[in-house]
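Chains, contacts and geometry: an overview
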2 protein chains.
Amino acid sequence: MVSRAGPEATEGGTERISDAEHAVMEALWKRSPQSAAEVCDTVCQERGWSMPTVKTLLSRLVQKGALATTPDGRRFLYTPLIARSAYVGGESKRLVERLFGGRAAPLFAHLAQAEALSEDDIAEIERLLQEMKK
Amino acid sequence: MVSRAGPEATEGGTERISDAEHAVMEALWKRSPQSAAEVCDTVCQERGWSMPTVKTLLSRLVQKGALATTPDGRRFLYTPLIARSAYVGGESKRLVERLFGGRAAPLFAHLAQAEALSEDDIAEIERLLQEMKK
DNA sequence: CCTTTACGATTACGCTTGTAATCTGAACGG
DNA sequence: CCGTTCAGATTACAAGCGTAATCGTAAAGG
């Protein structure tokens with residue numbers, strides 16, 4: 001094939017990862033490489049999917065450049081090409097930008113107000129703040 | 001009509017608001033009520049949309065129960081039915097859950113690490129923390 | 001060898017989203 | 001009264017997504 005006219009044929013992980021795809025990525029971030037069957041073991045149970053679904057998602061992620069495949073006998077092993085931290089960072093930034101004009105403090109205020117912060121969270125954040133000030 | 005057989009026929013804003021729809025909501029959160037034309041004035045410029053697009057988004061939002069309409073002469077005025085803070089809270093929570101296992105501290109750590117926190121942010125967060133501890 | 005099986009690849013299909021054109025009916029100008 | 005115009009409503013349509021069945025083929029077992 002190779003004739004795919006995608007805008008970023010040769011590039012690393014740029015295209016957006018969907019929600020379902022994200023679940024698959026999580027499995028592979030936890031451990032990699034894994035075969036499709038192994039990924040399914042994890043994910044199919046969590047989300048009630050069937051094998052074909054996982055296959056599709058894996059393929060799409062490969063297409064998007066988010067996963068690499070290594071042949072292993074007659075099957076493939078999948079490995080993430082983008083780091084979890086990069087994904088998480090990107091998503092967080094998107095949210096902060098979309099909802100809080102790019103400022104993180106309002107996000108924090110919101111979480112605080114919504115009582116989405118546990119005691120532990122607060123303690124840890126304080127610790128982080130201390131650390132940052134040094 | 002009232003015959004909408006959605007799972008939450010009588011409820012406030014439950015259904016998910018898409019990205020494009022969100023832009024429209026923002027315009028109406030900033031000021032409301034507004035007519036379609038007024039919303040378009042704001043949004044069409046920001047996002048390069050045309051009037052019909054805005055109309056569609058407004059309709060979908062009404063369908064979803066996110067906007068109310070008030071007849072005003074031969075047109076409608078649109079008013080948000082869900083508060084911005086509710087939306088923002090929901091989205092934030094979704095993100096924290098999806099990406100950080102529901103704990104906010106890791107999100108914070110991430111933002112800190114990514115240097116997405118300005119001096120001001122940090123100062124304000126400290127202030128908020130102080131307040132919360134009281 | 002030939003059949004079963006276990007893969008990845010291909011195809012499918014309905015839903016949502018982004019973006020918009022067209023239709024229809026009411027108001028307003030003459 | 002009648003045509004023009006300006007609303008909302010209806011329809012459109014391609015792309016992305018969630019979910020999956022089917023196909024083709026290579027391995028593995030008898």
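This text gives an overview of the structure that appears in the document. (Residues numbered from 1 in each chain as written. Chains lettered and ligands numbered in written order. Predicted model: local features only at pLDDT ≥ 70, side-chain atom pairs only at ≥ 80, totals over all residues. Heavy atoms only, no water.)

Inspection of the region around DNA strand D gives 18 residues, with A:Ser18, A:Trp49, A:Thr56, A:Arg60 and A:Arg74 positioned closest. Within 4 Å of the protein, atoms of DNA strand D come from sugar and phosphate in 68% of cases. A distance of 3.5 Å separates a sugar or linking oxygen of DNA strand D from a polar atom in the side chain of A:Arg74. Counting residues per element, the ones that place at least two in the surface near DNA strand D are helix H1 (19-30) and helix H3 (51-63) of chain A together with helix H3 (51-63) and strand S3 (75-80) of chain B. With four residues, H3(A) is the single largest residue contributor to the surface near DNA strand D. For the surface near DNA strand D, the per-class residue count stands at six nonpolar, four polar and eight charged. (Near = heavy atom within 4 Å. Polar contact = N/O pair within 3.5 Å; in protein donor to acceptor, adjacent residues only side chain to side chain. Helix = DSSP H or I, 4+ residues; strand = E, 2+ residues; numbered from the N terminus. Nonpolar A, V, L, I, M, F, W, Y, C, P; charged D, E, K, R; others polar.)

As a further point, take the side chain of B:Glu21. Mapped onto the elements of the fold, B:Glu21 is located in helix H1 (residues 19-30). Every residue in contact with B:Glu21, bar those within four places of it in the chain, is listed here: B:Arg16, B:Leu57, B:Arg60, B:Leu61 and B:Lys64. (Contact = heavy atoms within 4.5 Å.)

In the vicinity of DNA strand C there are 17 residues, among which A:Lys55, B:Ser18, B:Trp49, B:Thr56 and B:Arg60 approach most closely. Restricting the count to atoms of DNA strand C within 4 Å of the protein gives a sugar and phosphate share of 61%. In this structure, a phosphate oxygen belonging to DNA strand C sits 3.1 Å away from a main-chain N or O atom of B:Ala20. B:Trp49 places a polar side-chain atom, nitrogen or oxygen, 2.6 Å from a phosphate oxygen of DNA strand C. Ranked by the residues each element gives to the surface near DNA strand C, the list is headed by H3(B), at four residues. For the surface near DNA strand C, the per-class residue count stands at five nonpolar, four polar and eight charged.

All names here are of chain A. Enumeration over the complete set of coordinates arrives at two disulfides over all chains. The residue that forms a disulfide with Cys40 is Cys44, at a sulfur-sulfur distance of 2.2 Å. The sign of the S-S torsion, about -100 degrees, decides the handedness of the disulfide formed by Cys40 and Cys44: left-handed. Highlighted residues: Cys40 and Cys44, both in helix H2 (residues 36-47), separated by four residues, approximately one helical turn. (Disulfide = S-S within 2.5 Å.)

We now examine the sheet that holds strand S1 (residues 34-35) of chain A. Residues and elements named next belong to chain A. In spatial order, the strands read S1-S3-S2; together these three strands make up an open sheet with antiparallel pairing. Two strands lie at the open edges of the sheet, namely S1 and strand S2 (67-72), each paired on one side alone. In this fold H1 packs onto S1, S2 and strand S3 (75-80), with an angle of close to 90 degrees to the strand it touches most, S3. (Pairing = 2+ DSSP bridges. Axes fitted to C-alpha atoms, helices over the stretch in contact; angles between N-to-C directions.)

Quick look at helix H2 (residues 36-47) of chain B now. All names here are of chain B. With 12 residues, H2 extends 15 Å from end C-alpha to end C-alpha; this agrees with the ideal 16 Å at 1.5 Å per step. Listed in full, the buried residues belonging to H2 are Ala36, Val39, Cys40, Val43 and Cys44. Down the axis of H2, the buried side of the element spans an arc of 110 degrees, and every buried residue falls inside it. Turned more than 90 degrees off the buried face of H2, the exposed positions are Asp41, Gln45 and Glu46. The secondary structure elements touched by the buried residues of H2 are H1, strand S1 (34-35), H3 and S3. After H2 finishes, the residue Gly48 shows a positive phi value of roughly 65 degrees. (Expected span 1.5 Å × (residues − 1). Buried < 20%, exposed > 50% of the residue type's maximum accessible area, 1.4 Å probe, protein only. Arc of directions from axis to C-beta.)

So, on to the pairing of strand S2 (residues 67-72) of chain B. Residues and elements named next belong to chain B. Bridge count between S2 and S3: six bridges; the pairing is antiparallel. Paired with Leu67 across the two strands is Pro80, which belongs to S3. Counting the residues between successive antiparallel strands, the hairpin from S2 to S3 contains two residues, one of them, Gly73, with a positive phi of roughly 65 degrees.

Moving on to the relation of the copies chain B and chain A. Overlaying chain B with chain A gives an RMSD of 0.2 Å, the required rotation being 180 degrees about an axis along which the chain moves by 0.0 Å. Both copies of the chain, as the preceding transformation shows, are related through a two-fold rotation axis. Most of the interface of chain B is mirrored in chain A, where 100% of its interface residues again form contacts. (Least-squares fit on C-alpha atoms with pLDDT ≥ 70 in both.)

The subject of this paragraph is the side chain of B:Ser35. On the secondary structure map, B:Ser35 appears in strand S1. Apart from the residues lying within four places of it in its own chain, the contact partners of B:Ser35 are B:Arg75, B:Phe76, B:Leu77 and B:Tyr78.

This is a description of form; function is not addressed.
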